[in-house]
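Architecture and fold: a report
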Amino acid sequence: MKIGFFSCFIFGKKVVEYKPMREGISENEGNTEGSFGNNEEDDTEAVALTDIRRDRNARESLRWIEEMIRAMQRTRGGGGSGAATWGEVGPGFEMEAQFVAPSLALRSSAFRASWLARGESSGSSSAVAEAEGSGKEKCDRDAHNKRAKVYSCSNDGHYAAVMSSDVGDSTPSADRELGLSQSSSTPSNNEICYHNFMWNNNSDEDPLNSSGGRDGGDDSLISKPEDLEVRMDLTDDLLHMVFSFLDHINLCRAAMVCRQWQAASAHEDFWRCLDFENRNISVEQFEDMSRRYPNATEVNIYGAPSIHLLVMKAVSSLRNLETLTLGKGQLGDSFFHALGDCSMLKNLNVNDATLGNGIQEIPINHDRLCHIQLTKCRVMRISVRCPQLETLSLKRSNMAHAMLNCPLLRLLDIGSCHKLTDAAIRSAAISCPQLASLDMSNCSCVTDETLREISLTCANLHILNASYCPNISLESVRLSMLTILKLHSCEGITSASMSAIMHSYMLEVLELDNCSLLTSVSLDLPRLQNIRLVHCRKFADLNLRSIMLSSIMVSNCPALHRINITSNSLQKLALKKQENLTTLALQCQSLQEMDLTDCESLTNSICDVFSDGGGCPKLKSLVLDNCESLTAVRFCSTSLVSLSLVGCRAITALDLACPSLELVCLDGCDHLEKASFCPVALRLLNLGICPKLNMLSIEAPFMVSLELKGCGVLSEATINCPLLASLDASFCGQLKDGCLSATTASCPLIGSLILMSCPSVGSDGLFSLRRLPHLTVLDLSYTFLMNLQPVFDSCLQLKVLKLQACKYLTDTSLEPLYKDGALPALQELDLSYGTLCQSAIEKLLACCRHLTHLSLNGCVNMHDLNWGCSGGELYEFPSKFSSAAVFSHENLPVSTEQPNRLLQNLNCVGCPNIRKVVIPPVACCLLLSSLNLSLSSNLKEVDVVCFNLCFLNLSNCCSLEILKLECPRLTSLFLQSCNIDEETVEAAISQCGMLETLDVRFCPKICSISMGGLRAACPSLKRIFSSLSAS
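This structure is a prediction, so every number in the text was calculated from the model and none was measured.

Among the nonpolar cores identified, the biggest contains 263 residues, and Val521, Leu586, Met594, Leu596, Phe610 and Phe677 are the most heavily contacted of them. If one sorts the elements of this core by residue count, helix α10 (residues 307-317) sits on top with 5 residues. With residues near it in sequence (within four places) discarded, leucine 586 still touches Ile565, Leu573, Leu591, Met594, Val609, Phe610, Gly614, Gly615 and Cys616.

Here you go:
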């Protein structure tokens, strides 16, 4: 029996018929399910036929889809007797232009069932009715389903319904917006696209398998639908909530997913606001949208072409319109006459538009309008009669007259209406008795007479902005209910105007910036909270009294010399760059922050203002930076926490009795001679920037770090800091033993003591260190010490000892270290630039095996570093070592008498007389990780066998000739400016299997083109630094 498939499209009278697509192999007559069977004795032939059938079916399925799409396109675009719209398709197709695949599937299923019934029993004759019934049921159910079925087949059609912008298109709008095109449309800024992506939801069949499933054969080519579909259980309510967060562009994209999303995205709740700002939308498109969403309440067509035609369509078709925004074009007077038809309109916003022909009077009459904004509009006269109007803005419009009949108007903005005359402003304002806010800034014609009329008519006026009005002085003006007054750049405002402002007893905000004739301000306003006085050139005296004053901005008033402020609410006050300010009186019980930066004329009397009893009992932060007239600063405050005196170069005496003081900045106070911090809560203090300091007294129970570095004339110091852990007194040349003894007695917790370049410290001072049981770091570099026995006896817990450039130490000064076992906890020793002889250094290296860091930089008496000798005799060890033999336990002569060295870091930089460095395995330097021999100009031979060495620096060793390395963990080798040949380097690095960085710059015998040999010798190399020269 042969199975065939026929399907046809009926478009009007035109029939497109498709012939059989595939032909199966003989079916088993007893198989009522239609599965194909093969004889078991002919398996090979069956497999071959199955492969052929699979390939043919795949090709014919693709061809069937393509022919179906072309047929739909011909029907859509063809003329003549063909169907012109989807409304003319055959009876099997829905009027709403749904995707035709579901209908085709239903018809093909019914036709196939009836055709199969010819050779089947009568019991199967109900297959046609059953197929049609199930198909219709699926279609109805899918129209309201809750699942989005997405098939991943690559041959599915992508359809987008694009709203045409052709003016001459005669297709009905409902059909136009649902027209099908075989493409995916992406919304742009100049085209409004409403996507309708329609999936084949009427059937669970695979789109490529139009027969409803295979009756056998190989299914590997086309996956089953249940394997391809992605199910998302999103109810309509949940989908509605998610879509409420999307804008219109993303809603259109979401509509392409499935029919459920398409229906959900088209809900009128998401299209209440039709926003076409700066979009190239045509009148026909806008009309379509208005017809689709007649209940829209907000329309924005600002910047759209033909705004007059668009807004007329909106007014005539959208009866529920509440907000209308438009601009950038010309509006005819017919629009304003038609506004009355839009009975629900409440907000009208017009920006940058020409109203009428620009010279005629424009009437705006509406019973429900509440807010009108006409900004930057070109019109000669305007008449507004709106009984419900509350706010009206005519800002930056060039009208010459405005007649208002708005009894409920509360806000009027006529700022920058330069052509409005004084009489026009007066007439407009007094016609609104309920006016509460008036902005007439930049109206240069307004006078005091207009303000007097307004004050008499508008008793509820609370906000007035009269900035840039040069003709007002407020004389005889009484605005008693005023709360906000802005008078920027009003040339007529003088000190006499303050008497008029005093009558505004409700005033809260006052701004007087750039009032060039204002000389003094004296106000007693109980509700004043904020005042601004910026760039008032002649302003000299400020006297404010207000219990609610919380913010004062006074800046760039060069003549200001006196300030008197009384307030219980002021918490922060900034008076920066008041160069002539000399007198400051404050009664501010809540003031916490005060900034007087660059007030160069302030005198020492300012200290009384901010001390206890000075009127600022809660002051916490005080900034007096660059107040160069201060000479003696004394603060006694229990509340002060932070004090900054940066750049106060004239201060010579400082006395701080502030028990809560935690931070003090004295940078630039380089003339300070006497300082007292008793008591303070400081934890850190740096006085190293006060080179002239000679007397110091500190009582700080919480201080842990004190830096006196560079106080070269400090001779008297009383330091009482029981928690002090670190004291740096470097370069304090006058610091004597008595001062050091007193400090160690009062600060027993000192753990780090730096006495570098303190030549006055002697044995008595060093013996006092026994009072410091926690001392671990001691720096005595650049001193004149000759005997270290006080250190050995007093500092038993010392871990770090620095003795750089102690040229008076003799060869026997360090004998207690390697003979008597002094300082058993010592780990780091610095003997750089000393005069110790070679034998003393050798004994130190041989016996002090507990050292981890040793610095011998610049030691001119050190000649060789040969750890292959002990007591003048060489250990016998092989001349060549292999990596296996060197580090085996059999070849390391380690005994209990010669324990392993703990040395990790050895620095011998700039030792001019050292010629040879040998570190064999018998040296027991198993922990040595860093060796620095740079700038040793006479060094010729380096032979190092060290297992843990990672860093080796031989830079600028210009005499280096022999380099032998057995360092399997070496990662960085620096040979910069070394006169060593390439073969020696290759041989040395070949024994360093972990080397990553090699620096051979400025090595005259190594050229850049020979880097390949170095990489071959050591494959682990990642970075080679070499000179650019090739020779």
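After that view of the structure, there is still more to cover.
Okay, helix α12 (residues 422-430) next. Since there are 3.6 residues in each turn of an α-helix, residues three or four apart along the chain are aligned in direction. What α12 keeps buried is the set Asp422, Ala424, Ile425, Ala428 and Ala429. Within α12, the buried residues cover an arc of 165 degrees as seen down the axis, which keeps them to one side. In this structure, the buried residues of α12 make contact with β11 (401-405), β12 (411-413) and α13 (448-457).

So, about unusual backbone geometry. Proline 679 follows cysteine 678 through a cis peptide bond whose omega is -15 degrees. You can see proline 679 is positioned in strand β30 (residues 674-680). Here leucine 823, not a glycine, exhibits a phi torsion of approximately 50 degrees, which is positive. Relative to the assigned elements, leucine 823 resides in the loop between α19 (815-818) and β39 (828-830). What makes leucine 823 buried here is its relative accessible area of 1%.

Moving on, we get to the confidence of the model for the chain. Taken as a whole, the chain shows an average pLDDT of 79; of its residues, 74% reach a score of 70 or greater. Confidence drops under pLDDT 50 across residues 1-41; counting only partners more than four residues distant or on other chains, this segment forms 87 contacts.

With parallel pairing, the 3 strands of this open sheet are ordered in space as β7-β9-β11. Looking at which strands have only one partner, the edges of the open sheet turn out to be β7 (361-365) and β11. Neighbouring strand axes in the sheet, compared pairwise and without regard to direction, differ in orientation by 10 degrees on average. Examined bridge by bridge, strand β9 (residues 381-385) and β11 share 5 bridges and lie parallel to one another. Note that in β11 the partner of valine 384 across the bridge is leucine 404.

Let us now look at the pattern of salt bridges. Scanning the entire structure with this criterion turns up 20 salt bridges. Of the charged contacts, one joins lysine 395 and aspartate 413 as a salt bridge, the two residues approaching to 3.9 Å between their closest N and O atoms. Here aspartate 413 lies in strand β12 and lysine 395 lies in the loop between β10 (391-393) and β11, a separation of 18 residues in the sequence. Among the residues examined, aspartate 413 registers a relative accessible area of 13% and is labelled buried. Taking the shortest distance from any N to any O, the salt bridge between aspartate 670 and arginine 649 comes out at 3.3 Å. Linking aspartate 670 in the loop between β29 (663-665) and β30 with arginine 649 in the loop between β27 (642-644) and β28 (653-658), this pair joins segments that are 21 residues apart in sequence. Given the relative accessible area of 24%, aspartate 670 is considered partly exposed. Through salt bridges with shared partners, one network takes in Glu287, Asp288, Arg291 and Lys313.

Scoring rules and cut-offs
- Within each chain, residues carry numbers counting from 1 in the order of the written sequence.
- This being a predicted model, a pLDDT of at least 70 is required before a residue's local features are given, and a value of 80 or more before pairs of side-chain atoms are given or counted; all residues contribute to the totals for chains, interfaces and linings.
- Values shown for side chains rest on all heavy atoms present in the structure; no hydrogens or waters enter the calculation.
- Residues belong to a common nonpolar core when they are buried Ala, Val, Leu, Ile, Met, Phe, Trp, Tyr or Cys residues joined through side-chain atoms within 4.5 Å.
- Think of it in three bands: residues with accessible area under 20% of the maximum for their type are buried, residues over 50% are exposed, and the middle band is partly exposed, with areas taken using a 1.4 Å probe on protein chains only.
- To qualify as a helix, a DSSP run of H or I must reach at least 4 residues; to qualify as a strand, a run of E must reach at least 2; elements of each kind are numbered from the N terminus.
- Throughout, a contact is declared for two residues whenever any of their heavy atoms are within 4.5 Å.
- The arc in question is traced by the directions running from the helix axis to the C-beta atoms.
- Looking at any residue, its pLDDT shows the predictor's confidence there, from 0 to 100.
- At least two bridges found by DSSP between two strands are what make those strands a pair.
- All axes here are fitted lines through C-alpha atoms, helices being fitted over the stretch that makes contact, and every angle between N-to-C directions spans 0 to 180 degrees.
- Every case where a carboxyl oxygen of Asp or Glu lies within 4 Å of a side-chain nitrogen of Lys or Arg is listed as a salt bridge.

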